[in-house]
Amino acid sequence: MEPDFLVTHSGGFHADELLSSVILTRLFPAARLVRSRAPEWITPGADRVIYDVGGAYDPVAGIFDHHQRGAPLRDDGQPFSSFGLIWRQFGRDYLNALDVPASDTEALHARFDLDFVLPVDLMDNGALSPSAAGALAKVTLPVLLETLKPVFDDRAPDADDRAFHDALAIARSFVEATIRQGAAKLRAESIVLQAIVAAGEGQVLELPMGMPFRPAIVKAGADHLLFVVHPRDTDWCLTGIRRSSDGFELRADLPATWAGLTGDALAAACGVAGATFCHNGRFIAAAKTREAALEMARIAVAQAATAIPA
């Protein structure tokens, strides 16, 4: 049975119940969202889902709070916020509502939980400080969402509720965009894995379009690959492959003699008609045609081989 009411607490809001509301309002669009701490609202009933308030966790009864003693923990002992509890209970249904293929549901559910939900849970419980992000602390998503609260001297009786609903639309955009991107990465993974098989022992991976490629390369253990070639809107792109997900060092740089050159100057430097651009950082280059891009890749591989110790 679908609930008639989605109940969370009134007053100031945090990222966890806001993001929980994104999930629940998508699944139960006809339900009325109620922000209240009144006992008659935060008492479990068959007609409601209660979250981030109520002092209990009981999925069968439809209540998902995490502030009480004995609140549930993840298998590794890390705390849940209401967002984590709602995601654990309703996340798969939410992915289905967004038309994520059933074959990708479990992988995307786990990935979103780890990359998006868990940091919100930890920050809400004080187990992770925004300061961990360093100079980016003030632009983390939970902090940005909380900046949407009304200012202290806005005394309008509906100020908190208006701000909550305004923030809900913004939060929804981030959640759904993240899910779309995550689903796209899984689609890309399948395409890249097929291209790796087609490449065999070659060191250049050719893809049918631009897409995320590094995760699949790592998953396949394709350590021999050095460069990726793919078409763009009107030309072809040649790019390096990063050694790690959190750094910029490449498995192989493009030739130093190409750095920062464009047009005829680059074509002369590399000896490839149709070469059009090489970034000064030597991680990406472009060419007018597939043949030119592949020839540039061949030259880059050959030069990289001379620079790598045997």
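Quick note: structure is the one above.
Our subject in this report is the structure included herewith. Here the residue numbering is sequential within each chain, running from 1 through the sequence in written order. Note on the predicted model: pLDDT of at least 70 is required for a residue's local features to be given, and 80 or more for side-chain atom pairs to be given and counted; whole-chain, interface and lining totals, by contrast, use all residues. The side-chain values count all of the structure's non-hydrogen atoms but skip hydrogen atoms and water molecules.

The next point concerns the environment of Glu249. Examined against the element boundaries, Glu249 turns out to sit in the loop between strand 8 (236-240) and helix 8 (263-270). Partly exposed describes any residue whose relative accessible area lies between the buried limit of under 20% and the exposed limit of over 50%, with all areas from a 1.4 Å probe on protein chains only and scaled to the type maximum. For Glu249, a relative accessible area of 55% puts it in the exposed group. C-alpha separation for the pair Glu249 and Phe213, spaced 36 residues apart in sequence, amounts to 16 Å. We call two residues in contact whenever any of their non-hydrogen atoms come within 4.5 Å of each other. Those residues within four positions of Glu249 in sequence are excluded, and the remaining contacts are Ile241, Arg242 and Arg243. Starting at the N terminus, helices and strands are each numbered in turn, a helix being any DSSP run of H or I of at least four residues and a strand any DSSP run of E of at least two.

Turning next to the pattern of salt bridges. Salt-bridge detection follows one rule: a side-chain nitrogen of Lys or Arg within 4 Å of a carboxyl oxygen of Asp or Glu. Inspection of the entire model under this criterion finds 15 salt bridges. The shortest N-O distance in the salt bridge between Arg74 and Asp113 comes to 2.7 Å. Within this pair, whereas Arg74 is found in the loop between strand 5 (63-64) and helix 3 (82-97), its partner Asp113 is found in helix 4 (residues 102-124), the two being separated by 39 residues in sequence. Taken individually, Arg74 and Asp113 each receive the classification buried, so the pair is uniform in this respect. The salt bridge involving Glu146 is made with Lys149; its shortest N-O contact spans 3.6 Å. A residue is classified by how much of its surface remains accessible, and Lys149, at 28% relative accessible area, is partly exposed. The network of salt bridges with shared partners includes Arg74, Asp113 and Asp121.

With that out of the way, let us pick up helix 1 (residues 15-27). For helix 1, which comprises 13 residues, the first-to-last C-alpha distance of 19 Å matches the rise-based estimate of 18 Å (1.5 Å per residue) to within 8%. With respect to burial, helix 1 is a largely interior element, 12 of its 13 residues being buried. Listed as buried for helix 1 are Ala15, Asp16, Glu17, Leu18, Leu19, Ser20, Ser21, Val22, Ile23, Leu24, Thr25 and Leu27. Given the number of residues in a helix, its expected span is that number minus one, multiplied by 1.5 Å.

So, on to the side chain of Asp52. Tracing the backbone shows Asp52 in the loop between strand 3 (48-51) and strand 4 (57-58). No salt bridge is formed by the buried Asp52, whose closest oppositely charged neighbour, Arg37, lies at an N-O distance of 7.0 Å. Between N or O atoms, a polar contact is any pair within 3.5 Å; within protein, one atom must be a potential hydrogen donor and the other a potential acceptor, and residues adjacent in sequence are included only when both atoms are from side chains. Polar contacts involving the side chain of Asp52 include one to the side chain of His9, which spans 3.1 Å. When neighbours within four sequence positions are excluded, Asp52 is seen to be in contact with Thr8, His9, Asp16, Glu17, Phe64, Asp65, His66, His67 and Ser82. Under the convention used here, Asp and Glu are negative, Lys and Arg are positive, and both His and the chain ends fall outside the count.

Moving on to the state of the cysteines. By definition, disulfides here are pairs of cysteine sulfur atoms that lie within 2.5 Å. Across all of its chains, the model carries zero disulfides by this definition. Free of any disulfide, Cys270 has its nearest cysteine sulfur in Cys278, 8.7 Å distant. Judged by its relative accessible area of 9%, Cys270 is buried.

This part covers the nonpolar core. The set of buried Ala, Val, Leu, Ile, Met, Phe, Trp, Tyr and Cys residues whose side-chain atoms join them within 4.5 Å is what this entry labels a nonpolar core. Grouped together as the largest cluster of nonpolar side chains are 40 residues, with contacts concentrated most on Leu19, Ile23, Val175 and Ile179. Looking at this core, the elements that each hand over two or more residues are helix 1, strand 3, helix 3, helix 4, helix 5 (141-146) and helix 6 (159-199). Residue contributions to this core peak at nine residues, all from helix 6. Phe227, Trp258, Ala287 and Ala300 belong to the second largest nonpolar core, which has 22 residues in total.

The way to describe two aromatic rings as a pair is by their centre distance and the angle between their planes. Centre distance within 6.5 Å is the pairing criterion for rings of Phe, Tyr and Trp, where only the six-membered ring of Trp is used; planes under 30 degrees apart are then read as stacked, over 60 as edge-to-face, and the remainder as tilted. For the structure shown, the criterion picks out 10 aromatic pairs. Aromatic side chains Phe28 and Phe90 sit 6.0 Å apart centroid to centroid with 90° between the ring planes, which places their arrangement in the edge-to-face category. Taken together, the residues Phe28 in the loop between helix 1 and strand 2 (32-35) and Phe90 in helix 3 connect sequence positions 62 residues apart. We note that Phe28, like Phe90, is buried.

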